[in-house]
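Chain and residue survey
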Amino acid sequence: RDFSPRMALQPFDLDPTSTRSAKPGTMAPFGSKVPLAEPSWYQNLNTPYYNASHVAWRAKLRDFFEKEVEPIVDDWDKQASMNNHAACGEYVKRMYAKSAQYGILPACVGKPWPGKYTSAPEPEGYDYFHELINVDEGTRAGGGIAWAMMGGLGIGMPPNLNFGVPGDRALQDRVVRECLAGEKIICLCITEPGAGSDVANLACTAEDNGDHFLVNGNKKWITNGIYADYFTVAVRTGPPGSAHKGLSMLLIERNSSPGITTSKMDCMGVWPSGTTYIEFDNVKVPKKNVVGRVGDGFKQIMYNFNHERWLLAAQAARMARTCVEESIAFARSRRTFGKFLIEHQAIQHKIGEMARQCEGLQAWLENVTFQMNTMSKEEQNRKLGGHIALLKLSSSRVAEFCASNAMQVLGGAGYTRSGKGTKVERIYREVKAYAIPGGSEEIMLNLAAGQFGFVTRRAPDPRDKIIKQLKDELKRVQSKL
């Protein structure tokens, strides 16, 4: 089992010169001065999780997003809503390139740091808390921007890193290097028009044609798909009815694979992310492009899900906290009935309830992150599936609650796509992108119930006895024919 670097790092080390440690309470306040606008460790509170390496990484990320991203967010969102694909494509390419220059992109693909494929310097003691900071800071500008800059890479690249492309290591090396350098874009293609959470029933086929597969089918709601150069695609290589046993994953190149059509979908939110409908029409894919092994697709998809859901939970947590920040800032400046809006007790209670839920969610998120730091990937998948499912569910509900209440605090300003309500309006239409993708709230509850073994024995179903009788009768009749 891989316990690094949790025991190597001692967050409460008293050595003030160490970049791997920091005394509790010695971290300077950071970020917004609005109460509860930032996670507690930004507010000079003690922490068992973060150290000086995390502090330096956080400062680097805040600098990048404030200088490079926030000035263009509103226009990027506007151009996306107008389906100006050329403008959005330029924003995506520019931000990927800038992210690479800052050395941020390798932190989008999980742990360990992919040092084999990038020259970007690894933060000292790199762990999941560094990645959490990356996600958290990247979502301050909005969920659509986070998905545009991290979504495709964050979920599309890990299968290729974790399982590799054994038949063509040169292809694997080139794809990973180009994407981490911000030169190319990758996306993950799992969901289909007829199969979302029901992964075992994916219908996109990869027919065996000698030295290559012939891929046919559709993928829907694919993040970054319209901009992607590479596609990590779940396909059915087994016969009809093979369910989860017949799935595989392929790494497909757009430029060398005629027959791929991508169309931007008009969705409720996360517009800059380029949500895409993809059609594969007799796409010829070399067999050497198989990710891992043929038939291991279901395992690879499941292996990736916990990390994806953790990413979504971290994003939703920051979006909820942004609603708290925007509500307090607005209520402090808005005058109603002869006093500031924040002076009204009803508004104080509304914001207090939002903040209460944000603080609880953040504590849970950091606890799960700590568990991830102290476990191998295999142990994470064995132990944390139910916990992460409930975390994702809670995060989407907290974000939805905070977005709705922030909208009430801001009133008409929150209903308007400009001015003081811009962020709240954006988050309000993005929250459903956290309640549905990556496993809907209902699926998360079912998954958690199964993982925790809520049901230890089932009551007899009277229908089972009737079905058995009918089957026995059918056999008796057939034996006489």
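Residues numbered from 1 in each chain as written. Predicted model: local features only at pLDDT ≥ 70, side-chain atom pairs only at ≥ 80, totals over all residues. Heavy atoms only, no water.

**Details of the environment of Tyr 91**
Its place among the elements puts Tyr 91 in helix H2 (residues 85–102). A C-alpha to C-alpha distance of 9.0 Å links Tyr 91 and Pro 272, two positions 181 residues apart in sequence. (Helix = DSSP H or I, 4+ residues; strand = E, 2+ residues; numbered from the N terminus.)

**Here's the deal with the packing of helix H4 (residues 143–156) against helix H7 (residues 297–333)**
Where H4 contacts H7, the two axes come as close as 12 Å, and the packing angle between them is 165 degrees. Relative to H7, the element H4 lies roughly antiparallel. In terms of crossing hand, the pair formed by H4 and H7 is right-handed. For the pair H4 and H7, contact is made by Gly 143, Ala 146, Trp 147, Gly 154 and Ile 155 and by Asn 304, His 307, Glu 308, Leu 311, Leu 312, Gln 315 and Met 319, respectively. Of the residues in the contact of H4 with H7, the class split is six nonpolar, five polar and one charged. (Axes fitted to C-alpha atoms, helices over the stretch in contact; angles between N-to-C directions. Parallel < 35°, antiparallel > 145°, perpendicular 65-115°, else oblique. Left-handed = near helix turned anticlockwise from the far one by under 90°. Contact = heavy atoms within 4.5 Å. Nonpolar A, V, L, I, M, F, W, Y, C, P; charged D, E, K, R; others polar.)

**What to know about the pairing of strand E3 (residues 212–222)**
The pairing of strand E2 (residues 205–208) with E3 spans four bridges and is classified as antiparallel. Bridging across to E3, Asp 208 finds its partner in Phe 213. The loop that links E2 with its antiparallel partner E3 comprises three residues; one of these, Gly 210, has a positive phi angle of about 80 degrees. Judged from the eight bridges that link them, E3 and strand E7 (residues 276–286) form a sheet pairing that is antiparallel. Bridge pairing links Asn 218 to Glu 279 in E7. (Pairing = 2+ DSSP bridges.)

**Some words on the pattern of salt bridges**
Evaluation of the coordinates by the stated rule reveals 27 salt bridges. For Asp 136, the salt bridge goes to Arg 318, with nearest N and O atoms at 2.8 Å. With Asp 136 in helix H3 (residues 128–138) and Arg 318 in helix H7, this residue pair connects regions lying 182 residues apart in the sequence. Under the relative-accessibility criterion, Asp 136 is labelled buried at 7%. Judged by its relative accessible area of 1%, Arg 318 falls in the buried class. Note that Lys 383 is salt-bridged to Glu 379, the shortest N-O span being 2.7 Å. On the criterion of helical spacing, the pair formed by Lys 383 and Glu 379 is a turn pair, its members being four residues apart in helix H9 (residues 377–383). Residue class for Lys 383 comes out partly exposed when judged on its relative accessible area of 42%. (Salt bridge = Lys/Arg side-chain N within 4 Å of Asp/Glu carboxyl O. Buried < 20%, exposed > 50% of the residue type's maximum accessible area, 1.4 Å probe, protein only.)

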